[in-house]
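Spelled out, the chains give:
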Amino acid sequence: MSQPPTSPRHTALDASHRALGATMTDFAGWDMPLRYGSERDEHTAVRTRAGLFDLSHMGEITVTGAQAGEALDHALVGHLSALAVGRARYTMICAPDGGILDDLIVYRLAEQEFMIVANASNAQVVLDAVTERAAGFPGAAVRDDRDAYALLAVQGPESPGILKSVTDADLDGLKYYAGLPGTVAGVPALIARTGYTGEDGFELFVAPADAERLWQALTEAGAAAGLVPCGLSCRDTLRLEAGMPLYGHELTTALTPFDAGLGRVVKFDKAGDFVGRAALEAAAEKAAATPPRKLVGLIAEGRRVPRAGYAVTDASGAVVGEVTSGAPSPTLGAPIAMAYVDAAHAAPGTEGVAVDIRGTREPHRVVALPFYKRER
């Protein structure tokens, strides 16, 4: 007898989203806001002013103890024991065959304390893998902290000013990919200068019980600057313009970091063995000798939107790649996509490239990623 479907989980901000009239969607087992009104307006607000996101569906995993850094060096592809206290690092966790299980951000909160932030859809996979891989390190303990945090993000050029108005934390001294404990609108928080939009911004880890209070305080503080609530839909177009990979699209278990053009996150020079090392060394050699398909940007010459799974073809109509993500770009004013294409067709400006959109070859320009990069 089949089991009834599990009801989606709700974040601590669910009532706020519904009061704002958000369109909700089931995402990775969570009922999340897709948009509050116009996704184009939300996108533009983040690019020009500021947006407020609920990201409480992300998965937090804490690793503590004298061997915490050593355990993470073994479990992940990065050199986490070398991470300074207060800093964060983008990394990945791979299967023994080198396939990507998830891409992660790891924060070093203290000398013997790290926090992993996993994608919602992979949080249990990451928790199980890290727990298993850390079992050989008696001086390390893994803790599931997914219910201990709500996560809010303020993203956009006005975000520093908005946040400064409700905290006395040293935001000017807070570097990109760094975090510090502080108080925001009276709420204890881990304030991180990270994000997934291509803009300056902050992610705020707080207790779920404090989430609504902080959401309202940030909404009020940002009103004069044009801050608006933002859903997952514009988050996807923002990250796509910024050339940031999304798990399940640009990153999968069928790809290694080297296949994805992200071999730089794999640190072979760290001490000891790590899960997937042998397979990743072979993948690095193969990529150097025979360049794999390369992740590129495509800009449509027409108005039809390329979508994930659509074939990329050359001038003769032969398939030379596949779209991984595609959407209309509010900033560029044209449909855009990321795609893996054969190395011979990956150079910016390559002529004759098209995307097969429901049987019609639609011309596209090959461009370097990202499509959009903010002025610093």
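Preceding this paragraph is the structure being described.
The structure presented is a predicted model; accordingly, all values stated were derived computationally and were not measured. (Residues numbered from 1 in each chain as written. Predicted model: local features only at pLDDT ≥ 70, side-chain atom pairs only at ≥ 80, totals over all residues. Heavy atoms only, no water.)

Chemist: When you look at the overall build of the protein chain in this model, what are you seeing that I'm missing?
Modeler: Regarding its fold elements, the protein chain presents 8 helices and 20 strands. A globule of 376 residues ought to have a C-alpha radius of gyration of about 21 Å, and the protein chain, at 21 Å, matches this closely. Taken over 376 residues, the protein chain has a buried fraction of 54%. In the protein chain, once contacts between residues fewer than 6 apart in sequence are set aside, the share between residues at least 24 apart is 64%. Approximately 16,000 Å² of the protein chain is accessible, and the part contributed by carbon and sulfur atoms is 52%. Across the protein chain, the centroid of the 34 positively charged side chains sits 4 Å from that of the 46 negatively charged ones. (Helix = DSSP H or I, 4+ residues; strand = E, 2+ residues; numbered from the N terminus. Rg over C-alpha atoms; globule rule 2.2 N^0.38 Å. Buried < 20%, exposed > 50% of the residue type's maximum accessible area, 1.4 Å probe, protein only. Contact = heavy atoms within 4.5 Å. Areas by Shrake-Rupley, 256 points an atom, 1.4 Å probe, with all protein chains shown as cover. Lys, Arg positive; Asp, Glu negative; His and termini not counted. Charge placed at Lys NZ, Arg CZ, Asp CG, Glu CD.)

Chemist: Explanation requested: the sheet that holds strand S13 (residues 201-206) in the structure shown.
Modeler: Hydrogen bonds between backbone groups are what pair the strands of a sheet, and the pairing can be parallel or antiparallel. The mixed open sheet is built from 6 strands, whose spatial order is S11-S12-S13-S10-S4-S14. Strands at the two margins of the open sheet, each flanked by one partner only, are strand S11 (179-184) and strand S14 (228-229). Seen against the sheet, helix H6 (residues 211-222) touches strand S4 (51-54), strand S10 (150-155), S11, strand S12 (187-192), S13 and S14 and runs at an angle of roughly 10° to S10. (Pairing = 2+ DSSP bridges. Axes fitted to C-alpha atoms, helices over the stretch in contact; angles between N-to-C directions.)

Chemist: I'm lost on the sheet that holds strand S19 (residues 354-357) in this one. Help?
Modeler: Pairing is antiparallel around the closed barrel formed by 6 strands, whose spatial order is S15-S18-S17-S16-S19-S20. In this sheet, neighbouring strand axes are inclined to one another by 45° on average, regardless of whether the strands run parallel or antiparallel. Where strand S15 (residues 294-300) meets strand S18 (residues 334-341), 6 bridges bridge the pair, whose relative direction is antiparallel. Among the inter-strand pairings, glycine 297 is bridged to a residue of S18, identified as methionine 338. Sitting on the sheet, helix H7 (residues 232-241) touches strand S17 (319-329) and S18, and the angle it makes with S17 is about 125°.

Chemist: What's the story with unusual backbone geometry in this structure? I'm lost.
Modeler: Keep in mind that most residues, glycine aside, have a negative phi and that most peptide bonds are trans. The omega torsion of the bond from leucine 369 to proline 370 falls at 0°, within 30 degrees of zero and hence cis. As for its placement among the helices and strands, proline 370 is situated in the segment after strand S20 (360-367). The backbone of tyrosine 177 shows a phi angle near 60°, a positive value even though the residue is not glycine. Looking at the secondary structure, you find tyrosine 177 in the loop between helix H5 (159-164) and S11. Judged by relative accessible area, which is 16%, tyrosine 177 ranks as buried. The backbone of arginine 358 sits at a positive phi, close to 55°, despite the residue not being glycine.

Chemist: Looking at this structure, how should I read the nonpolar core?
Modeler: Grouped burial of nonpolar side chains is what soluble globular proteins tend to show. Within the largest apolar cluster, 27 residues are counted, with the highest numbers of intra-cluster contacts made by Leu152, Leu163, Val184, Ile191, Leu214 and Leu218. Those elements that place two or more of their residues in this core are S10, H5, S12, S13 and H6. The element that contributes the greatest number of residues to this core is H6, accounting for 4 residues. In terms of nonpolar packing, the next biggest core, distinct from the first, is built from 25 residues, Cys94, Leu251, Ile336 and Val367 among them. (Core = buried A, V, L, I, M, F, W, Y, C linked by side-chain atoms within 4.5 Å.)

Chemist: How should the pairing of S19 be read in this particular structure?
Modeler: Along a regular strand, successive side chains alternate from one face of the sheet to the other. Sheet topology note: the strand S16 (residues 311-313)/S19 ladder contains 2 bridges and is antiparallel. Looking at S19, one finds that threonine 313 is bridged to alanine 354. When S19 meets S20, the two strands line up antiparallel, connected through 4 bridges. If you follow valine 355 over to S20, its bridge partner there is glutamate 362. Between S19 and the antiparallel strand that follows it, S20, lie 2 residues; arginine 358 among them carries a positive phi value of about 55°.

Chemist: Just checking my understanding: could you explain the environment of histidine 10 for this structure?
Modeler: Looking at where histidine 10 falls in the secondary structure, it is placed in strand S1 (residues 9-10). Spatially, the C-alpha atoms of histidine 10 and histidine 57 are 8.6 Å apart, while their sequence positions differ by 47 residues. When neighbours within four sequence positions are excluded, histidine 10 is seen to be in contact with Arg18, Trp30 and Asp31.

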